[in-house]
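Chain and residue survey
So the chains spell out like this:
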Amino acid sequence: MEKQHLVEPDLEFIAQVMKQGGDSFKNCYQCATCSVVCSLSPDNRPFPRKEMLAVSWGLKARLLADPDIWLCHQCGDCSARCPRGAAPGDVLAAVRSCVISEYATPRFWAKAVNDPGKLPWLIALPVLIFLVPGLLTGLLDFTPSGDAVVHSKFFSTWLVDMIFVPLAAAMLISFGASLRKFLNDMHRNAVMEKRTDDADIDFTGFFRALIRTLPGIFRHDNFSKCSENRERAVSHLMVFFGFGGLFITTVVIFILLYVFQIHGPFSQLNPLKWLANIAGVLLITGAVLMIKKRLSQADRKTVYGDWYLIGLVSGLGISGMLTEITRLANAAGLSYSLYIVHLVFVFHLIAFLPCSKFAHIAYRTVAMAYTRYIQEKEIGEPENQPDTPVFSRSGH
Ligand code: SF4
Ligand code: SF4
């Protein structure tokens, strides 16, 4: 007698996917056109047809630990060709949002970030955190001395670090734990699917796979394989390198201040300023292109989480740039106000990174590296693996 399996759909998960913009999965009749047209779908484990089925069956555990949903770059090639208007690209994007919320800790943090009704509270929170210790310690001075605009006289560097260093440390610990759980779950799935006999992940092998995956991510190789929305790669790359530049600048300034006791503000001719300004321009331009693209695609689902991310990216870039311009123009009141606004955006970036859509950078990287790792386990480790982990079908 054949073994029977009882499938218990997780209706709450299905409702969550629908809320995140993935409701079109109901139209799918499993023709597999999407898996055929997707240029990123591997021959041995094609997607997104199987994910469309898993969503309709409410297979939450399987989808949460499915690395394939992260190989999709939401180009829309499959959605454009689906004969039933099922938009698998949007469904996979919705599942990815659910994965981020599900692994994020604390959970109420993730729920708040994805609830537009909570946004005023999330804006008020950092303002309160700045004001209370700032006024109590005197490190926030609303009447700074001197003619020139110096932000550290208004909002002390000590206060910035007192708030942001512990916040960043807590975020890194929480995010690291979420990613570790995600990685373990992917591996458990692979063991259950008999893709590997190793009960535990070989972390040396995984990190080797990660190193080999990174160049392809930096070049955005997979973006350029899509045909419908290839130009998305440009705005994505701009935001990616914009953040990279600002991250490097922040780390260098931190080291200069605490290791070498060199204080800002720095001259506009300083290479650090050059890097920060170029990164800021990249960030703003990339964000504007993203907004333009979203608004021009009426058929593509854009949910609150997408706008939160785009708002964060553009707000961060614009407030940072305006703070600098008003400082140079010596418009003290305006510059100090903009600096507070900028710090609110920085707070959101750090505090909510593990539970907002921004976290996709890390989840995608881990999933792509794991895909490469498990493929190398399945077929052996070739000498010259391509930089992308996906084995595309011939002709692509
Ligand atoms: S999503 Fe569309 S193209 Fe893909 S299997 Fe379903 S009906 Fe076919
Ligand atoms: S949106 Fe693009 S990358 Fe994602 S499954 Fe569809 S065709 Fe593939």
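Residues numbered from 1 in each chain as written. Chains lettered and ligands numbered in written order. Predicted model: local features only at pLDDT ≥ 70, side-chain atom pairs only at ≥ 80, totals over all residues. Heavy atoms only, no water.

Description of the side chain of His220
Note that His220 resides in the loop between α11 (203–219) and α12 (232–258). The exposure class of His220 is buried, given its relative accessible area of 6%. Among the polar contacts listed, one links the side chain of His220 to the backbone oxygen of Ile217, at a separation of 2.8 Å. Side-chain polar atoms of His220 contact the side chain of His236, separated by 2.9 Å. Excluding anything up to four places from it in sequence, His220 contacts Ala233, His236, Leu237 and Phe240. (Helix = DSSP H or I, 4+ residues; strand = E, 2+ residues; numbered from the N terminus. Buried < 20%, exposed > 50% of the residue type's maximum accessible area, 1.4 Å probe, protein only. Polar contact = N/O pair within 3.5 Å; in protein donor to acceptor, adjacent residues only side chain to side chain. Contact = heavy atoms within 4.5 Å.)

Digging into the packing of α11 against helix α16 (residues 360–379)
Running from N to C, α11 and α16 cross one another at 120 degrees; their axes reach a closest spacing of 8 Å. On the basis of the axis angle, α11 is oblique to α16. For the pair α11 and α16, the sense of crossing is right-handed. In contact with Gly205, Phe206, Ala209, Leu210, Arg212, Thr213, Leu214 and Ile217 of α11, α16 contributes Thr365, Val366, Met368, Ala369, Tyr370, Arg372, Tyr373 and Glu376. (Axes fitted to C-alpha atoms, helices over the stretch in contact; angles between N-to-C directions. Parallel < 35°, antiparallel > 145°, perpendicular 65-115°, else oblique. Left-handed = near helix turned anticlockwise from the far one by under 90°.)

So, the UniProt feature "transmembrane region" (unreviewed entry) in the protein
With numbering aligned to this structure, UniProt lists the feature "transmembrane region" (unreviewed entry) at residues 119–138, 158–179, 237–260, 272–291, 303–322 and 334–355. Across residues 119–138 one finds 95% helix and 0% strand; the C-alpha atoms that close the span lie 29 Å apart. Helix makes up 92% of residues 237–260 and strand 0%, and the two end C-alpha atoms of the span are 33 Å apart. (UniProt positions renumbered as here; feature names shortened; annotations may be inferred.)

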